[in-house]
Each structure stands twice: as structure tokens, then as C-alpha cells.
Amino acid sequence: MIQLVINIFVLLNNVPFSFQEDDNVLHIGGIFPIGGKGGWQGGQACEPAVRLALEDVNKNSVLSGYQLKLHWNDSECDPGLGASVMYDLLYNKPQKLMLLAGCSTVCTTVAEAAKMWNLVVLCYGASSPALSDRNRFPTLFRTHPSATVHSPTRITLMKKFGWYRIAILQQTEEVFISTVEDIELRCKQNGIEIITRQSFVSDPADAVKNLRRQDARIIVGLFYVVAARKVLCEMYKQQLYGKSYVWFFIGWYEDNWFELNLDKEGIECTREQMRIAAEGHITTEALMWNQNINQKTVSGMTSEDFRQRLENVLRSEGYAIDRHRYPEGYQEAPLAYDAVWAVALAFNKTMSILEKQGKSITSFNYNNKEIADHIYSAINSTQFLGISGWVAFSSQGDRIALTQIEQVIDGKYVKLGYYDTQSDNLTWFDKERWIGGKIPQDRTVIRRVLRTLSIPLLICMWVITTIGILVAVSLIIFNVLNHHRRVIAQSYPACNTIMLSGCVLSLSSIYLFGLDGQIISSAVFPNICQIKTWVLSIGFTLGYGAMYSKVWRVHRLHTSQKKNAIRKALQPWKMYSIVIFLLGVDVAILFLWQCMDPLKRDIQVFPMENPLNSNDDIKIRPELEHCKSVNHNFWLSLTLSYKGLLLLFGLFVSYETRSVKLRQINDSRYVGMSIYNVVVTCLITAPVIMVTASQQDASFAFVALSVIFCCFLSMALIFVPKVIEVIRDPHDKPESKYNPDAGMSKEDEDKYKRLIDENKQLAAKIKEKEDRLKQLKSDLASLRGDTDKTELKWNDESQLTEHSFLSQSLSRIDENSQM
């Protein structure tokens, strides 16, 4: 739209202007941001500085008989209003030879349009990197360095202090958008991470809150001073200041900018709060004042002389300079002063060239590209020592200058050093001061702490485990040495040995469960995961399987007797085959698990915690290592399902045989009690372990105590009676009160079976005789003769005698069976 308006003005007003009056006056146009409410209103101090420069230029006769005159108006740092001011300057007499402008947004509009009138634009206050584009702004120069000059400085400081993680907060203006793009490029080249880039139009509250959410510590702020006060207040509210934070602000704000206009702009923070939030922040800015206060410049003044003159002028215009209340643009005032001198020196050089050609600069008009080119070349080659330092321009029209670095210390800006972009040289004064006495970190230091088992708990469990293993080994020796004793032989000593071996393996797994990151390395941990799974699973199968095989045989024998069946006794190898089968299933599952989906070291991460005894910016991230595979839940469910079914079967068989006493297996009741103990303990342990999985001490203690309890109680129930029996009965008596299920010999068992068979046969004969006797009594009642009565009486007595004999025989058999 602006370009269209420009073209219309050019077409309608393509009439050359010429000087009709004041032929010895060279006129330039000025656009100053003074009375606006947003953006940079640096014209407040820059316009008085330009007046001083015009006075000095005209007094020193730099232009050889010509006077330099400025025509200006206020743009309020508004690009639309700035364009209007430019058109008024161009289409109202007298004709202008050059334009001065300030504020990046206004300079962008003016410089983009000025090429249509062959006008050179010199910006005294514009830092937008976009203005360095020669294709877009072919006639632009500026005494204010580009904002990109700060990017290398900031990068150098970040690397100096070890900051490689930053955040950016920007106002949505072109000058800041292009600056951020340059920062992002340089950060990428130097390995610096930008964690977030927040932007805002007028209210920075949400953007600052987001910085806090992102844990931003090193923050680059790019915004005008009015927005900077809002940001600073929001920083205070969100507590994004102090020892853990470093803010980079733009350096061309006034020294006390964070105390000014708080009520006028509706800032909801007091001056004291603003000072607290501002403490420690760093600014980078192109050097705007000659640091050698005794060195005379092109005007014949030193920088200190100019400062005093400028402050007198500002004081006369009502600014409270004595109370350090400076108008906006005070820092850039030397740039505006030197801009006028650059114009004057360029005009002087142009006039010399034109004079040799027999031409005059006063013949310039907006169609005269030749003179415009001479002016462009002259200002492009201009170099001089000004109030702001050495003034020279790059091929892009940018000012070549050092960068000054400052920090707010005790509420005042203190110079920390200078950085020369061209030579990549940092001059540092070592005057920085950090809140808390140390350099802030670019992030919260996350200290990984591996949760490990308590050493006293570990030692205690291992001592008890060692005692248990020694007891189990001792019982194995006892079982082997006394296998010929009836109390041992009738309890299947081989099954006892298998059970004790399972206890040894199960107890040994406690050692493996206690090996964590404080004892073994992370590389060894997966191997320990595999080993302890094998050891515990096989140990359980051996110990529980041996007991299960015993109660299973008792159940089979008891079932056979209830059915009145005569069956061949189960052979011992069938009991052992049960254990072998269960062990084979275990090995198959474990082998497939290890081959297809091996256990690995898995880290469980907990919420971060604050350290107990540290003032550093540190967070503790607890971690706990587990044994886990990709399809861990599947394999765990398969194993637990198999073990669970085995426990249920064992519980059922033990319940069915709870009151059965057999001499074939003399410890069946104690084995059943042991199975009850194992089942109940496992049913309690499994869910508790799942709940306490993230509490390493509780989980380990519960697993260890469960294994220890099962093993100790099983060994006590099965072997304590046997040990007491062997100690108290050295001659191997057949019965003992300590062994109520004490067995009988093989011969007694065969005799018992024969008596049972004879008892059944005699009972059948008695029944047959009783039926015959009833029949005889019935026949006797039907006979009426005496002879017949006598004969029948004799027969009856004979039958009674036989019946009495059979009854006495059956009674004797019953007595023998009771023996």
C-alpha cells in the first residue's frame, strides 16, 4: 500500500524543484520520534543533539559558505505517521538534499520509499537487522549500529560463562523479529540450544509465565523500553530474577528506565520491586560515547564537553537532569550529533567533486540521480572521530562500532567490558557481580541419584540367609548319614534332600536380589537379573515340588483305600518324576524367556526432589533400577500362572489329606503344614511386591523375609521331629510320641493286608450261615410231630454249634487286625 502511494506521488509530482530562495542554504529533512506512547521515543534527546550539531557545523564553516538547515516533524515512532511526515517534507518547499530519521519501524518505511526520490537516508536511531538489506534499502546509512552487532557479543558472553541453554522473549516488531533470526542462526553455529522463543504484542504476562514453565534461566529480552517495564514487573511477579536467572536487555534504555513512568504506564510494581527485579541483568549496546573523555573530536569538543552542553539544553527544556531523570534517547544523542556531522562532511566532499565538474549541489532535484550518487559515494567513504567514537560505514551502510557490556549492580549500570566484532576481541574488566556469589547456571542441574538398598538391611538379610543355608546344608548331611534309620527311611530321604536343595537355592537368591548399583556395574546388572530369576524359580520348584510329590502320594493311597481297591503301591521313582516334570516346565519357560526376550536393566525415574543441604540450583532426580524385558508382563504372567496352579493343586491335595495318617509316609502331616505355609506366604507376597516395587528397601525386605520364612518353617516342620527322634531314640524304636505317624515294617504291612482279606471271607461265610439258620427256624415251626421235633432239635443244636465256632473265629481275626 505504501509503495502504491509512493508511485502515485512520483507520477503526479514528477516536476523538478529548484532553489528559489536562500541559495546558500542546504536543506535536510528530519523525522524524530518524540511524543508517542510506544516504541522508541528517542527524539526527545536526539533532536536537541541535532540542533547542537547544526550550530557547530555552521559555526565551523564546514560547508564553505553554505549553511545547513533542518526541517523536521514528530513521527511518534509510528510508520504511518512517519510516511506522512516524509511526504510533507518532500512536497513542501524548500527541496531537501537528505533525510534524517529515527526509530526502526519509521526508518524502514522512509528508507524503502526514499529511493524513489533519489534521496539518501541517514538513520541516527535504528537497529533493525532488516535495514542491512542493500537490495531493499539501497540509499540507507545509519550511525546506529545494527542490532546484529549484539548477537556475537551475547554469544561470546554465553560461551565465557558456560551458558549453552537460553530462551528468547521478544516483542512482535520487525526489528526484534529479524534480530531473533540472527541470534538463532548464531546459536546454532555455536552449539547453543534455544529452549523456547516467546513473543507478545503488548502484554507479556503469558509469555513470561511460559518462560517459567520451560525452566528458562538465561533469557534474551528484545523489546522497547515501555514493554521492558511491563516485562520487568511480570518478572518480579513470577520470581524470574535473582541468583538463578540472567536477563540480557537492550542497552539503549536510559540508565534509570526501570524507575520511570511507572504510574503513567500503569505498572503494577513499586520502584523498589522494579529495582529488585532489575538487579544483575546484563545489557549489550553499541558504543555510543567516546570513551576517551579528553580526546577532541571533529567538532573540536570532547565527549565530556558535549555531555555538559547537552545536559544544559535538556535542563533548560525542563528535564530533571540533576536528579538523573534523562529523556528517552539520551544514550543515542551522540549518534544523532555525529549523523549531522556525517551529512556535512559528505556534502563538503560532494561539493568539491561537483565544483571540479562545474556543477553545484544546489542544482539537485529528485530526478537528479548523478548528484544523488555523488552524495551516496561521499557518505559511504566518510570517516571521522565523533562524539560516539570512530564513525565509519560498512558496505551495507551499517555503523562499525565496538559493543559495550554493562550490568546493573546495586541499582546502577557498571561497565563490564567491550567487544570488537571485527577482531573478535573481548576486553573484560572482571567487575561482574552475581547474586549468591557464583555464576548462575543455564539450567537446573539434574543430579541423577540411584536409589540403592540400605547397607544395614542388606547385611542383616544376608546374615540370616547365610545361617539358613548352613542349617539346610547341615540337614542334608544329617539326612544322608541317617537315611537307614526308620524315621528317615519312611519319609523318603531323597525327597528330603531335594527339598533342602531347593531351600538352599531359594535362600541363595537373596544374595542376588541384594546386588544393585552400589555393588555391581550397570553392564553386569542384566546378567544378575537372569541368574536370580533362574535360581529363585528352580529353588522354588525343587523345594515345593518335593513336598508336593509327598502329599500327592498320600492322596493316591488314601483314595485307593476309600474305593476298597487293591492297588499296587506307587513306586518312589514316580514321586521323583513329578519333581523332574515340574523342573522341566520351569527350564523350558526360563530358556524361552532368556532367548526370546532377555531381561535388561530398566530405569524407573521419580519426580525431582530438592536437595537437603545445598544452596545450589540443583534438583535431585531419583532413579531405581529394575529387571525388565520388552514383553515382561507376558512372561511374568506365564510364570506366575504356572506357579499359581501348582500352589492351588498343592493346597487342594493337602486339604484332602489333612486327617490322613499313613505309615508309608510318616511326615505327611508336617509336609501338608509346610505347603499351607508356602501357599499363604506366596499369596501375601505377590501383591505386596507389586505395590512396593518402587520402594527398594521395603520390596527387598519383604521378598527376603518371605523366602526366609518359608524355608526356615518348612525345614523346622519336617526335620525337627526327625532330629529329636534320632537324638532320643538311638536304638530306632518303632513308635515315639515325637513321631505319631511312625511307620511299620514291610512284613507287618503284608500281614495286615492278609488279615483284612481273611476277615472279608469269614464275614461272607457268617452271613451265609445266618441265612441258613433263619430258614431252619421257619421249617421247624411248620412241623408238628414229636419225632420230627426231636430230630429237628438235634440238627438245630448242630447248626448253633457251627455258628458259635464261626463267630469266635471272626472275633479272633478282628483282634489280630487291631494289632
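Residues numbered from 1 in each chain as written. Predicted model: local features only at pLDDT ≥ 70, side-chain atom pairs only at ≥ 80, totals over all residues. Heavy atoms only, no water.

As recorded by an unreviewed UniProt entry, the protein carries the name Gamma-aminobutyric acid type B receptor subunit 1 isoform X6 and is attributed to Sipha flava. In the Subcellular location (unreviewed entry) part of its UniProt record, the protein is described as follows: "Membrane". (UniProt positions renumbered as here; feature names shortened; annotations may be inferred.)

Colleague: What exactly am I supposed to notice about a nonpolar patch on the surface here?
Modeller: On the surface, a cluster of nonpolar side chains totalling about 480 Å² of accessible area is made up of Ile455, Ile459, Val463, Ile467, Val471 and Phe712. The leading source of residues in the nonpolar patch is helix H13 (residues 455-481), at five residues. (Patch = residues over 30% accessible without salt bridge, like charges linked within 9 Å, V, L, I, M, F, W, Y side chains within 5 Å. Areas by Shrake-Rupley, 256 points an atom, 1.4 Å probe, with all protein chains shown as cover. Salt bridge = Lys/Arg side-chain N within 4 Å of Asp/Glu carboxyl O. Helix = DSSP H or I, 4+ residues; strand = E, 2+ residues; numbered from the N terminus.)

Colleague: Would you explain the sheet that holds strand S8 (residues 218-222) in this entry?
Modeller: Sheets are built from strands that pair by backbone hydrogen bonding, the pairs being arranged parallel or antiparallel. Read across the sheet, eight strands follow the order S7-S6-S8-S9-S10-S13-S14-S15 without closing on themselves; strand pairing throughout is mixed. The two strands at the open ends of the sheet, each matched to only one other strand, are strand S7 (193-200) and strand S15 (425-428). Across the sheet, the mean angle separating the axes of adjacent strands is 25 degrees when strand polarity is ignored. Relative to strand S14 (residues 412-420), strand S13 (residues 403-409) runs antiparallel, the two sharing seven bridges. Each bridged residue has a counterpart across the sheet, and for Ile409 the counterpart in S14 is Lys412. Running at roughly 170 degrees to strand S6 (residues 165-171), helix H6 (residues 174-189) makes contact with S6, S7, S8 and strand S9 (246-250) of the sheet. (Pairing = 2+ DSSP bridges. Axes fitted to C-alpha atoms, helices over the stretch in contact; angles between N-to-C directions. Contact = heavy atoms within 4.5 Å.)

Colleague: Is there a simple way to explain the state of the cysteines in this structure?
Modeller: Per the counting criterion, the structure on display carries four disulfides. Covalently, Cys233 is tied to Cys269 through a disulfide, its sulfur atoms 2.0 Å apart. Its S-S torsion of about 80 degrees marks the bond between Cys233 and Cys269 as right-handed, since a negative value means left-handed. Of the two residues, Cys233 sits in helix H8 (residues 225-238) while Cys269 sits in the loop between S9 and helix H9 (271-278), which places them 36 residues apart along the sequence. Considered together, Cys233 and Cys269 belong to a single accessibility category, that of buried residues. Each bonded cysteine of the protein gets a number by its place in the sequence, and the pairs then read 1-2, 3-4, 5-6, 7-8. (Disulfide = S-S within 2.5 Å. Buried < 20%, exposed > 50% of the residue type's maximum accessible area, 1.4 Å probe, protein only.)

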